[in-house]
Amino acid sequence: MMEERVNLMHMMKLSIKVLLQSALSLGRSLDADHAPLQQFFVVLEHCLKHGLRVKKSFIGQNKSFFGPLELVEKLCPEASDIATSVRNLPELKTAVGRGRAWLYLALMQKKLADYLKVLVDNKNLLSEFYEPEALMMEEEGTVIVGLLVGLNVLDANLCLKGEDLDSQVGVIDFSLYIKDVQDLDGRKEHERITDVLDQKNYVEELNRHLSCTVGDLQTKIDGLEKTNSKLQEELSAATDRICSLQEEQQQLREQNELIREKSEKSVEITKQDTKVELETYKQTRQGLDEMYNDVWKQLKQERKARLELEKELELQIGMKTEMEIAMKLLEKDTHEKQDTLVALRQQLEEVKAINLQMFHKVQNAESSLQQKNEVITSFEEKTNQVTSSMKQMEDRLRHSESARQGAEERSRKLQQELGGRSSALQQQLAQLHEQCASLEKELKSEKEQRQALQRELQHEKDTSSLLRAELQQVEGLKKELRELQDEKAELQKICDEQEQALQEMGLHLSQSKLKMEDIKEVNKALKGHTWLKDDEATHCKQCEKEFSISRRKHHCRNCGHIFCNACSSNELALPSYPRPVRVCDSCHTLLLQRCSSSTSS
């Protein structure tokens, strides 16, 4: 059993290696007819059948590896799709065929290694299907699972329909794994190709992630712009509704006053009539019954009229309460929108404060730059002084060496000339030796001074390099400062645009209040036309351009449809209006044609 496990593990390594090499040469996409892929499934089937226990039943003995694969559905809920699709295939009639189909689908999903790892980790459940010395129960199973992770690089396109998975015979073909000398030489080229392909896939995945993030940001920006335009349109519609409701309220009040006056007049008239009738009744009783009947009929009619008037009053009072509730709701909407405007202004002020802080930081950075430049100039002056002192010391050394050489030459000449006078000249030689010793001492001291100066020079060079690095950092800060200034300019532009939009909104609100009288006249004139609401129209009817803050909505006083300013800039005097009003281009041409035809007739 141990030898079988080892052999199967080596065969699995060879099959995976050959499969990856062939896939890299073909472009990483494999079909069901690919020979290395078929051999891989044969070897994997032998590994799963190794040490499999035989289950006895009434029908006979059953030895299939689909039983342990069904455990994956319980341990990993993601594998339920594979199990259900395998069970639903009508062509598969045996457990072996279902197991092979399960392996095909797991490889196409690139989760074969994950599912088998779940099985290997739960060996207590596998003990029901495998013997203790089976490959899936030992360490070789974990090694094979680790090898299968490399197959996640491949893209397998396997079609299960039409294939006879039940009757296939799993025989290992060893001819695929016998390599030539050229294959050994071409390993390095394959490895280079794999590295290049891996880098290419990594770069493509990065590009996909970046494109996804860019697309999400663009959708968010579009959504915000749409919500902003919708809010502005709702605000303008709310103001128009408020004005129209106020006008209707005034009209209802006037109608109530007129009805009260009429009712009071009718009551006074009835009182006067009753008085006259009583006087006539006292004077003459002739025709009393007729007069009584006429008065009774008139009283009934007046009571009916009075009841109708009271009902109308109650209806108008209900309408009035509803109008007041609508007015309150509209006031709430306006307050909320004013709060949003205040929040936008606060954000603008915060942006301005941030810009001021950045300006102060820039000033501080410039001052620190100036100080560091001064320090650098002082260090350069010190280095110049040190180099001048070094040159002076070198000149002294040269003079001392020339003096020493002259003294030696003199001593040689004296020895040659005064060979016999050695006793007298020995004293001079001793003096000369003392002078040489003193000169050597001076030389040593000068060398020590030179070394100290060199150390100082090195220290100053280090400090100058540090200062240069700080200078580079300062240049980087300057670049950041420029970028921040550019961002500041962009933010300033956005702030200016928002302020302009707010000013335009304020102007529009003021103009809408002034145009209430025009809308009254339009409502009177358009009783026969369909007056479109502002919420129903999002595009101009003529040019079909979308409305926005810059492209406002305008009603045509003749047809009642909504147009932009460019398509409704004409004005004409209509019969229902005392002065010229706004009309669309089509109505303008039509009305002009009518006027011209009427004048000609």
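Residues numbered from 1 in each chain as written. Predicted model: local features only at pLDDT ≥ 70, side-chain atom pairs only at ≥ 80, totals over all residues. Heavy atoms only, no water.

Topic: the overall build of the chain
Okay, so step 1: For the chain, the count of helices and strands is 14 helices and eight strands.
Okay, so step 2: For the chain, with 601 residues in total, the buried portion stands at 26%.
Okay, so step 3: A separation threshold of at least 6 residues defines the contact pool for the chain, and within that pool the share at least 24 residues apart is 68%.
Okay, so step 4: Counting every atom, the chain has about 42,200 Å² of accessible surface; 52% of that belongs to carbon and sulfur. (Helix = DSSP H or I, 4+ residues; strand = E, 2+ residues; numbered from the N terminus. Buried < 20%, exposed > 50% of the residue type's maximum accessible area, 1.4 Å probe, protein only. Contact = heavy atoms within 4.5 Å. Areas by Shrake-Rupley, 256 points an atom, 1.4 Å probe, with all protein chains shown as cover.)

Things to note about a nonpolar patch on the surface
Okay, so step 1: A cluster of nonpolar side chains, contributed by Tyr202, Val203 and Leu206, occupies part of the molecular surface with about 290 Å² of accessible area.
Okay, so step 2: With respect to the secondary-structure elements, Leu206 resides in helix 10 (residues 187–283). (Patch = residues over 30% accessible without salt bridge, like charges linked within 9 Å, V, L, I, M, F, W, Y side chains within 5 Å. Salt bridge = Lys/Arg side-chain N within 4 Å of Asp/Glu carboxyl O.)

Thoughts on the pattern of salt bridges
Okay, so step 1: Inspection of every chain in the model, using the stated rule, returns seven salt bridges.
Okay, so step 2: Across the pair Lys111 and Glu78 runs a salt bridge whose closest N-O atoms are separated by 3.3 Å. A residue pair is termed long-range when its members are at least 10 positions apart, and Lys111 in the loop between helix 5 (95–108) and helix 6 (112–121) and Glu78 in the loop between helix 3 (66–75) and helix 4 (80–87) qualify at 33 residues.
Okay, so step 3: With relative accessibility at 47%, the residue Glu78 sits in the partly exposed group.
Okay, so step 4: Each of Glu45, Lys49 and Arg100 takes part in salt bridges that share partners, so that together they form one network.

Things to note about the nonpolar core
Okay, so step 1: The biggest cluster of nonpolar side chains holds 58 residues, and the ones touching the most others in it are Phe40, Trp102, Leu112 and Leu148.
Okay, so step 2: Of all the secondary-structure elements, those providing two or more residues to this core are helix 1 (2–26), helix 2 (35–49), helix 3, helix 4, helix 5, helix 6 and helix 8 (139–148).
Okay, so step 3: The residues touching Trp102, leaving out its near neighbours within four places in the chain, are Phe66, Leu69, Val72, Ile82, Val86, Leu112 and Tyr115.
Okay, so step 4: Counting 17 residues, the second-largest nonpolar core is a separate cluster that includes Cys540, Phe547, Cys584 and Cys587. (Core = buried A, V, L, I, M, F, W, Y, C linked by side-chain atoms within 4.5 Å.)

As for a negative patch on the surface
Okay, so step 1: On the surface, Glu254, Glu257, Glu261, Glu264 and Glu268 cluster together into a patch of negative charge.
Okay, so step 2: Within the secondary structure, Glu257 sits in helix 10.
Okay, so step 3: For Glu257, a relative accessible area of 48% translates into the label partly exposed. (Lys, Arg positive; Asp, Glu negative; His and termini not counted. Charge placed at Lys NZ, Arg CZ, Asp CG, Glu CD.)

With respect to the packing of helix 4 against helix 5
Okay, so step 1: Interaxial distance between helix 4 and helix 5 falls to 10 Å at its minimum, and their mutual angle equals 140°. As the angle between them shows, helix 4 and helix 5 are arranged oblique. Of the two elements, helix 4 crosses helix 5, and the hand of that crossing is right-handed. Within the contact between the two elements, helix 4 uses Ile82, Ser85 and Val86 and helix 5 uses Arg98, Ala101, Trp102, Leu105 and Ala106.
Okay, so step 2: For the contact of helix 4 with helix 5, the class distribution of residues is six nonpolar, one polar and one charged. (Axes fitted to C-alpha atoms, helices over the stretch in contact; angles between N-to-C directions. Parallel < 35°, antiparallel > 145°, perpendicular 65-115°, else oblique. Left-handed = near helix turned anticlockwise from the far one by under 90°. Nonpolar A, V, L, I, M, F, W, Y, C, P; charged D, E, K, R; others polar.)

Observations regarding helix 2
Okay, so step 1: Taking 1.5 Å as the rise per residue, helix 2 with 15 residues should run 21 Å; its terminal C-alpha atoms sit 21 Å apart, in good agreement.
Okay, so step 2: Extensive coverage of helix 2 is indicated by the burial of eleven of its 15 residues.
Okay, so step 3: Listed in full, the buried residues belonging to helix 2 are Pro36, Leu37, Gln39, Phe40, Phe41, Val42, Val43, Leu44, Glu45, Cys47 and Leu48.
Okay, so step 4: Backbone geometry just after helix 2 places Gly51 at a positive phi near 70°. (Expected span 1.5 Å × (residues − 1).)

Some thoughts on a positive patch on the surface
Okay, so step 1: A contiguous patch of positive charge, built from Lys297, Lys300, Arg303 and Lys304, is present on the exposed surface.
Okay, so step 2: For Arg303, the position within the fold is in helix 11 (residues 288–417).

Regarding helix 8
Okay, so step 1: Of the positions making up helix 8, those classed as buried are Glu140, Gly141, Ile144, Val145 and Leu148. Down the axis of helix 8, the smallest arc covering the buried residues is 145°, so these residues share one side.
Okay, so step 2: Where the residues of helix 8 are buried, they touch helix 1, helix 2 and helix 6. (Arc of directions from axis to C-beta.)

Comments concerning the packing of helix 3 against helix 4
The geometry of a pair of packed helices is captured by two quantities: the angle between their axes and the separation between those axes.
Okay, so step 1: Contact pair helix 3 / helix 4: the axes reach a minimum separation of 8 Å and the direction vectors enclose 135°. What the angle tells us is that helix 3 and helix 4 run oblique. Every pair of crossing elements has a handedness; the one defined by helix 3 and helix 4 is left-handed. The segment helix 3 lies against helix 4, with Phe66, Glu70 and Glu73 engaging Ser80, Ala83, Val86 and Arg87.
Okay, so step 2: Considering only residue class, the contact of helix 3 with helix 4 consists of three nonpolar, one polar and three charged.

Some remarks on unusual backbone geometry
Okay, so step 1: With phi around 60°, Lys110 is a residue other than glycine that occupies positive phi space.
Okay, so step 2: Within the element layout of this structure, Lys110 appears in the loop between helix 5 and helix 6.
Okay, so step 3: Judged by its relative accessible area of 31%, Lys110 falls in the partly exposed class.
Okay, so step 4: Although it is not a glycine, Glu544 sits at a positive phi angle of roughly 60°.

Quick notes on the confidence of the model for the chain
Okay, so step 1: Chain-level pLDDT for the chain is 79 on average; 87% of the residues reach the 70-or-more range.
Okay, so step 2: In the predicted structure, residues 57–61 sits below a pLDDT of 50 and forms four contacts with residues beyond four places in sequence or in another chain.
Okay, so step 3: This stretch, residues 524–528, has a pLDDT under 50; its non-local contacts, to residues over four places away or in other chains, come to six contacts. (pLDDT = per-residue confidence, 0-100.)

Describing the packing of aromatic side chains
Okay, so step 1: Enumeration over the complete set of coordinates arrives at three aromatic pairs.
Okay, so step 2: Ring plane angle 50° and centroid distance 5.8 Å describe the contact between Trp102 and Tyr115, whose orientation is recorded as tilted. Of this pair, Trp102 sits in helix 5 while Tyr115 is found in helix 6, placing the two residues 13 residues apart along the sequence. No difference in accessibility class separates Trp102 from Tyr115, as the two residues are buried.
Okay, so step 3: Through a chain of ring-to-ring contacts, the aromatic side chains of Phe40, Phe41 and Tyr104 assemble into a single cluster. (Phe/Tyr/Trp six-rings, centres within 6.5 Å; stacked < 30°, edge-to-face > 60°.)

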